[in-house]
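Chain residues, written in single-letter form:
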Amino acid sequence: MAKELDRIPIGKVKRASKFVTTGAKVGANYVKAYSKAAIKGKLDKDALDTDNARDIYDSLSELKGSALKMAQLLSMDQNVLPKAYSDKFAMAQYSAPPLSYPLVKKTFVQNLGKEPNEIFDTFGKSASNAASMGQVHKAELNGEKLAVKVQYPGVAESIKSDLKLAKPFALKLMNVKGKDVEPYMKEVEGKLLEEADYGLELQQSMDFAKKCEQVDGVFFPKYYPELSAPQILTMSWLEGEPIGSWMKREQKQEDRNKLGQILWNFYMYQMHTMRMMHADPHPGNFIIDEKNDLGVIDFGCIKHIPDDFYQAYFELANHEVLRNPERVDTLFRQLEIIRPSDPDKDVKIVTAMFTDLIRLLSRPFNQGIFDFSDDKYFSEIYLKGEAISKDPEMNRLQARGSRHFIYFNRTFFGLYNILHAMKAKVDCSKVDFLKVAS
């Protein structure tokens, strides 16, 4: 666990000054890099990216909240950023610097009127894990092991202002124009505001667990409303091993396949049956028990799927449909990939690029049993993303599609990356997700 933080900058002025300081550090890195390039005759872009990634991440870690969450979001799509950034920002998913105990105690007093040791029989003073919006402590009450999530101070109040301050960094890293991404920034802002609402998360968590209790191989915590508050969320402690460490150990292929199938089925059930999804699929949110079943935690980020978007999105996942130009054109316009004002030249460019990209990303849906350990497939995805980012025509036409793509794509990239790291073979045509009735 990283070094604990004794304070977090709260208030627009303090947080803005942190961004200014970070900008100055990044500027100094550029001066240093180009000074060396003048001597050596070549710019070391990798070294520059590494220095910038370190300084930006360190600052975002101190700010916590939406600033750090943006780093987490960017890290999940490894095509968006240089590797130095995606590797560093991925730390926001599970190993961000935690708050010190005095700050945790202060949050308890403000929310529940008591210190942790006045509420629980035992309470771990050090966080078990820390992420972008909050951290988790182990506790016990009446013999029950509990996980207590504590939100960082100032997270909810700073979301809108933080996104405005972080936006220039994000646009620079992604090489896009501000006006093109405004609808997507609004979508992210809305979801971050929901994540900061622990009352909403409590209700979503209990609702999600209830609706998914019949999905085979999946289990959830029990939630305690009476021990929760606007900045505190208490649930049962799930015994098991984090999926990240499980994947790194030697495992039987049949166990990898079983767990991969459970994960795939869980997400397909959400999308196709519930029309909503757990839109935060990173390793820190999954626990593996001794039966190799999947425990799911953290339901702060839930994406509800509009029917019209759902129908068009999954129709395009069918490769037969991609061979029908007229239908593709209709669906692309429905999904805002093609805009009404696009001239014919731009329509042809956008259609060709997105058709190829969708055909690539939807390959698992069209092959039945799919081997997610295939490095060649993921190399194709990364190379396609790199080619698009370097294509001047696509740079001119970027930021396309409905705002709903943001969390849909995030979910699929996260799911694919976990299955790839798991080296699982999955039957992607499987539709029977539920437990066998006893």
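Residues numbered from 1 in each chain as written. Predicted model: local features only at pLDDT ≥ 70, side-chain atom pairs only at ≥ 80, totals over all residues. Heavy atoms only, no water.

1. Overview of the overall build of the protein chain
When you go through the protein chain residue by residue, the secondary structure sums to 18 helices and 13 strands. Taken across its 438 residues, the protein chain has 53% of its residues classed as buried. Of the contacts made within the protein chain by residues no fewer than 6 positions apart, 72% connect residues no fewer than 24 positions apart. (Helix = DSSP H or I, 4+ residues; strand = E, 2+ residues; numbered from the N terminus. Buried < 20%, exposed > 50% of the residue type's maximum accessible area, 1.4 Å probe, protein only. Contact = heavy atoms within 4.5 Å.)

2. Section: the side chain of His420
Inspection of the secondary structure puts His420 in helix α18 (residues 405–422). Among the polar contacts made by the side chain of His420, one reaches the side chain of Asp375 at a distance of 3.3 Å. Those residues in contact with His420 that sit more than four places away from it in its chain are Phe372, Ser373, Asp374, Asp375 and Phe378. (Polar contact = N/O pair within 3.5 Å; in protein donor to acceptor, adjacent residues only side chain to side chain.)

3. Focus on the packing of aromatic side chains
One pass over the structure, following the stated rule, counts 29 aromatic pairs. Ring geometry for Phe208 and Phe299: centres 4.9 Å apart, planes at 35°, overall tilted. Here Phe208, found in helix α9 (residues 198–211), pairs with Phe299, found in the loop between β10 (294–296) and β11 (302–304); they are 91 residues apart in sequence, far enough to count as distant. Since its relative accessible area comes to 0%, Phe299 is described here as buried. Geometrically, the ring pair formed by Phe314 and Phe365 is edge-to-face, given 6.1 Å between the ring centres and 70° between the ring planes. (Phe/Tyr/Trp six-rings, centres within 6.5 Å; stacked < 30°, edge-to-face > 60°.)

4. Side note on the confidence of the model for the protein chain
Per-residue pLDDT for the protein chain averages 80, and the proportion of residues at 70 or more is 71%. Confidence drops under a pLDDT of 50 for residues 75–81, and excluding neighbours within four residues, the segment shows 27 contacts in the predicted structure. (pLDDT = per-residue confidence, 0-100.)

5. Things to note about the pattern of salt bridges
Tallied over the entire structure, the rule returns 19 salt bridges. A salt bridge links Lys303 to Glu187, with the shortest nitrogen-to-oxygen separation between them at 2.7 Å. Of this pair, Lys303 sits in strand β11 while Glu187 sits in helix α8 (residues 182–195); the two residues are 116 residues apart in sequence, bridging distant segments of the chain. Taking the shortest distance from any N to any O, the salt bridge between Arg249 and Glu241 comes out at 2.7 Å. In this structure, a network of salt bridges that share partners links the residues Lys149, Glu201 and Asp298. (Salt bridge = Lys/Arg side-chain N within 4 Å of Asp/Glu carboxyl O.)

6. Regarding the packing of helix α16 (residues 375–390) against α18
Direction vectors running N to C along α16 and α18 enclose 150°, while the axes themselves pass 11 Å from each other. On the basis of the axis angle, α16 is roughly antiparallel to α18. The way α16 lies across α18 gives a crossing that is left-handed. Of α18, the residues touching α16 (which contributes Asp375, Tyr377, Phe378, Ile381 and Tyr382) are Phe413, Tyr416, Asn417 and His420. Class assignment for the residues of the contact of α16 with α18 results in six nonpolar, two polar and one charged. (Axes fitted to C-alpha atoms, helices over the stretch in contact; angles between N-to-C directions. Parallel < 35°, antiparallel > 145°, perpendicular 65-115°, else oblique. Left-handed = near helix turned anticlockwise from the far one by under 90°. Nonpolar A, V, L, I, M, F, W, Y, C, P; charged D, E, K, R; others polar.)

7. Observations concerning the pairing of strand β6 (residues 232–236)
In terms of burial, β6 is a largely internal element, five of the five residues being buried. With five bridges connecting them, strand β4 (residues 144–151) and β6 associate as antiparallel partners. Its bridge partner being in β6, Ala147 is matched across the sheet by Met235. (Pairing = 2+ DSSP bridges.)

8. A look at the sheet that holds strand β7 (residues 241–242)
Here four strands make up an open sheet; going across it, the order is β5-β10-β9-β7 and the pairing mixed. Looking at strand neighbours, the two that pair on one side only are β5 (218–219) and β7, the edges of this open sheet. Bridge count for strand β9 (residues 286–288) against β10 is three bridges, and the pairing is antiparallel. Along β10, the bridge assignment pairs Ile287 with Gly295.

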